[in-house]
Amino acid sequence: MIEANGNQLIVRSPGRINLIGEHVDYNDGFVLPAAIDKSITMTLRKNGSKSRCTIKSKGFDSVLVADLYSLKPGTEGWHNYALGVLHEIQVLNPGLKGFDCEMESNVPVGSGVSSSAALECGLAFGLNELFELGFDKLELIKIGQNAEHNFVGTKCGIMDQFASVMGKENHAILLDCQSLDFEYIPIKLEPYRLLMLNTNVSHNLSTGEYNIRREQCEEGLELLVKKYGIESSFRDVSMKKLDESKKELGPIIYDRCSYVVEEIKRVQEAVVALKNDNLGLFGRFMFETHRGLSKKYEVSCPELDFLVELAKTEPQILGARMMGGGFGGCTLNIIHKKSIDHFVNKVSVAYKDKFGIDPSYFVTVPSDGTYLIKE
Ligand code: GLA
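Residues numbered from 1 in each chain as written. Predicted model: local features only at pLDDT ≥ 70, side-chain atom pairs only at ≥ 80, totals over all residues. Heavy atoms only, no water.

### Let's talk about helix 10 (residues 302-312)
And step 1. Listing the buried residues of helix 10 in full gives Glu303, Leu304, Phe306, Leu307, Val308, Leu310 and Ala311.
And step 2. Against strand 9 (192-202), helix 9 (279-296), strand 10 (317-322), strand 11 (328-336) and helix 11 (340-355) lie the buried residues of helix 10. (Buried < 20%, exposed > 50% of the residue type's maximum accessible area, 1.4 Å probe, protein only. Helix = DSSP H or I, 4+ residues; strand = E, 2+ residues; numbered from the N terminus. Contact = heavy atoms within 4.5 Å.)

As C-alpha cells, this is what we get:
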C-alpha cells in the first residue's frame with residue numbers, strides 16, 4: 001500500500017446485485033439493484049506528468065500505460081473499461097492529467113455482479129476527487145456507462161453504474177430508468193439471506209447477444225410506435241397492443257417485447273410485496289422473471305436453468321433467478337440462513353455431476369456505493 005499524502009487518495013467501489021428488473025434498464029423500465037460488499041479498492045496519485053497514466057491491477061502481470069493524448073481501445077479485457085473512462089473524462093473536462101493507480105479487487109469477474117461498473121465508477125470517482133473535476137454523481141455514472149458503450153462495445157443500460165455509485169447499506173434502489181428518479185427500499189430479510197451461486201461459466205456470447213436483444217426491442221417498439229402513434233417508450237406499450245401486433249412483430253420480437261412489458265409490471269408488483277414484507281410473493285416474482293429471461297428473452301443457459309430448477313426443489317428458498325446480462329454468471333437466491341450449508345452441498349454435488357464444473361458461492365448484503373476511504 002502506498003503511503004497517503006496530499007496528492008493521493010484511496011477509493012472503494014462495489015459490484016452490484018439486482019433483486020428484480022432484468023434487461024429493462026435500457027427499455028425504460030424499473031430496476032431494483034443494490035451495491036454489494038465486494039469491491040475494488042483503488043489507490044490513485046498524481047504523477048506530475050501531463051498525460052502519462054499507469055494502472056496496475058493486482059493479480060495481473062501487465063500494467064496498463066496510457067497517454068491521455070492518444071487514447072484508443074486496447075486488447076486486454078479490463079483495459080478498455082479503464083481507457084474508456086479516461087476517454088469520456090477527457091471529452092468533458094481538460095483538467096485530467098497524468099496519474100498512477102493501483103487496484104485490488106474481490107469482485108468476481110464474469111459473474112454478473114458487474115466488476116466492470118465497479119472499475120469504471122471507482123476510477124471516475126477517484127479521478128474526479130484527485131483532480132477536482134467537479135462532476136456530480138449522475139455525471140460519474142454516465143461516464144462509466146459511456147465508457148462501456150464507446151470503448152467496450154456493450155450498449156448497456158444505466159443500472160450497474162447507478163447501483164455502484166448510489167448504493168446504500170441495507171437498501172436496494174428502486175430506479176425508474178426513464179426519469180432516473182429513484183427511491184431507497186429497506187431490505188429486511190431476516191432470517192433469509194442473499195446467496196449468490198456462481199455457475200463459473202461465461203459463454204462469451206454476452207456482448208454480441210446483449211446488443212442484439214437491445215436492437216430487437218428497439219425494432220419491436222418502432223413498429224408499435226408507427227402503428228399506434230404512441231410515445232417511443234415501453235412504458236406506453238400494453239400487452240393488448242402487443243397481442244394485436246403479434247403477426248407483424250413475428251415470434252422472436254414478440255417474445256422479447258412481451259418479456260419487457262411483463263417485467264416492467266412485475267417489478268412494480270414485486271416492490272409492493274417487498275414493502276409489505278411479503279418475501280414469499282417477492283420470491284415467486286423472481287422465479288417468474290427467470291422463466292421470462294430463459295424462455296422469452298433467451299439470455300439464460302443450461303447451467304443457470306439447472307441451478308434455478310434445483311432452487312425450486314428447496315422449500316427454504318423463496319425465490320431464485322439468473323442475474324445480470326446472462327449466458328453464465330450467478331443466480332441470486334433468497335434462502336433461509338439455516339439452509340445455506342445444506343443447499344450449497346447439494347448444489348455442489350449435483351452441478352459437478354451434470355456439468356463437470358465446481359460451482360462457487362457467496363452470501364452478500366446491500367452495501368454503500370463508491371466512496372473515498374482516505375485522502
Ligand atoms: C448488464 C448491463 C445492465 C443491464 C443488465 C441486465 O449488467 O450492464 O445495464 O442491462 O445487464 O439487466
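### Examining the site of the ligand
And step 1. The full set of residues close to the ligand is Arg16, Glu22, His23, Asp25, Tyr26, Cys156, Gly157, Met159, Asp160, Tyr210, Gly324 and Gly325.
And step 2. Between an oxygen atom of the ligand and a main-chain N or O atom of glycine 157, the distance comes to 2.9 Å.
And step 3. Within the side chain of aspartate 160, an N or O atom sits 2.7 Å from an oxygen atom of the ligand.
And step 4. Computed on the free molecule, the ligand has an accessible area of 300 Å², of which 94% lies beneath the protein chains in the complex. (Near = heavy atom within 4 Å. Polar contact = N/O pair within 3.5 Å; in protein donor to acceptor, adjacent residues only side chain to side chain. Areas by Shrake-Rupley, 256 points an atom, 1.4 Å probe, with all protein chains shown as cover.)

### Regarding the pattern of salt bridges
And step 1. All told, the structure shown has 21 salt bridges when counted by the stated rule.
And step 2. Note that glutamate 269 and lysine 265 form a salt bridge whose closest N and O atoms lie 3.4 Å from each other. Of this pair, glutamate 269 and lysine 265 both sit in helix 8 (residues 251-275), four residues apart, roughly one helical turn.
And step 3. Residue classification places lysine 265 among the exposed positions, given a relative accessible area of 53%.
And step 4. Within the structure, one salt-bridge network assembled from shared partners comprises Glu190, Arg193 and Lys337. (Salt bridge = Lys/Arg side-chain N within 4 Å of Asp/Glu carboxyl O.)

### Notes on unusual backbone geometry
And step 1. The omega torsion of the bond from glutamate 190 to proline 191 falls at 5 degrees, within 30 degrees of zero and hence cis.
And step 2. Secondary-structure assignment places proline 191 in the loop between strand 8 (182-186) and strand 9.
And step 3. Positive phi is not limited to glycine here, since histidine 23 has a value of about 60 degrees.
And step 4. Note that histidine 23 resides in the loop between strand 1 (8-18) and strand 2 (30-31).
And step 5. Relative accessible area serves as the criterion here: at 4%, histidine 23 is assigned to the buried category.
And step 6. For serine 114, which is not a glycine, the phi torsion comes out positive at approximately 60 degrees.
And step 7. With respect to the element layout, serine 114 can be found in the loop between strand 6 (99-105) and helix 2 (115-130).
And step 8. Assessed through its relative accessible area of 8%, serine 114 is described here as buried.

### Here we look at the confidence of the model for the chain
And step 1. On average, the chain scores 95 in pLDDT, and the residues at 70 or more come to 98%.
And step 2. This stretch, residues 1-5, has a pLDDT under 50; its non-local contacts, to residues over four places away or in other chains, come to 10 contacts. (pLDDT = per-residue confidence, 0-100.)

### Points about the nonpolar core
And step 1. Counting residues in each nonpolar core, the largest one holds 123 residues, and the members touching the most others are Leu32, Leu44, Leu86, Phe99, Leu123 and Phe282.
And step 2. Ranked by residue count, the leading element in this core is helix 8, at 12 residues. (Core = buried A, V, L, I, M, F, W, Y, C linked by side-chain atoms within 4.5 Å.)

### Description of the packing of aromatic side chains
Any aromatic ring pair is given by two values, namely how distant the centres are and how the planes are angled relative to each other.
And step 1. If you walk through the whole model with that rule in mind, you get seven aromatic pairs.
And step 2. A centroid spacing of 5.5 Å and a plane angle of 85 degrees characterise the contact between phenylalanine 182 and tyrosine 184, whose relative ring orientation is edge-to-face.
And step 3. On the basis of relative accessibility, which here comes to 35%, the residue phenylalanine 182 falls in the partly exposed class.
And step 4. Given a relative accessible area of 28%, tyrosine 184 falls into the partly exposed group.
And step 5. By the ring-pair criterion, three or more aromatic residues cluster together here, those being Phe162, Phe182 and Tyr184.
And step 6. Over the ring of tyrosine 228 we find lysine 241, and its NZ or CZ is 5.6 Å from the ring centre. (Phe/Tyr/Trp six-rings, centres within 6.5 Å; stacked < 30°, edge-to-face > 60°. Lys NZ or Arg CZ within 6 Å of the ring centre and 35° of its normal.)

### Some remarks on the sheet that holds strand 4 (residues 52-57)
And step 1. Ordered in space as 5-4-6-3-1-13, the six strands form an open sheet in which the pairing is mixed. The open sheet terminates on both sides in strands that have one partner only, identified here as strand 5 (63-67) and strand 13 (371-374). The sheet shows a mean angle of 25 degrees between the axes of neighbouring strands, taken without regard to direction.
And step 2. Taken together, the seven bridges between strand 3 (residues 33-46) and strand 6 define a ladder with antiparallel strand orientation. (Pairing = 2+ DSSP bridges. Axes fitted to C-alpha atoms, helices over the stretch in contact; angles between N-to-C directions.)

### As for the sheet that holds strand 10
And step 1. Judged by pairing direction, the sheet is antiparallel, and its four strands sit side by side in the order 10-11-9-12 without closing on themselves. A strand with exactly one partner marks an edge of an open sheet, and here the two such strands are strand 10 and strand 12 (360-364). Averaged over all pairs of adjacent strands, the angle between their axes in this sheet comes to 20 degrees, without regard to strand direction.
And step 2. The sheet contact formed by strand 9 and strand 12 spans five bridges and is antiparallel. Residue pairing across strands places asparagine 198 opposite serine 360, the latter belonging to strand 12.
And step 3. This element, helix 10, spans strand 9, strand 10 and strand 11 of the sheet and lies at about 10 degrees to strand 11.

### Some words on the pairing of strand 7 (residues 171-176)
And step 1. Burial analysis of strand 7 places six of its six residues in the buried class, which makes it a mostly covered element.
And step 2. Neither face of strand 7 is left uncovered, since the one carrying His171, Ile173 and Leu175 and the one carrying Ala172, Leu174 and Asp176 both have all their residues buried.
And step 3. Pairing of strand 7 with strand 8 involves five bridges; the strand directions are antiparallel. Across the sheet, leucine 174 pairs through a bridge with glutamate 183, a residue of strand 8.
And step 4. Between strand 7 and the antiparallel strand that follows it, strand 8, lie five residues; leucine 180 among them carries a positive phi value of about 65 degrees.

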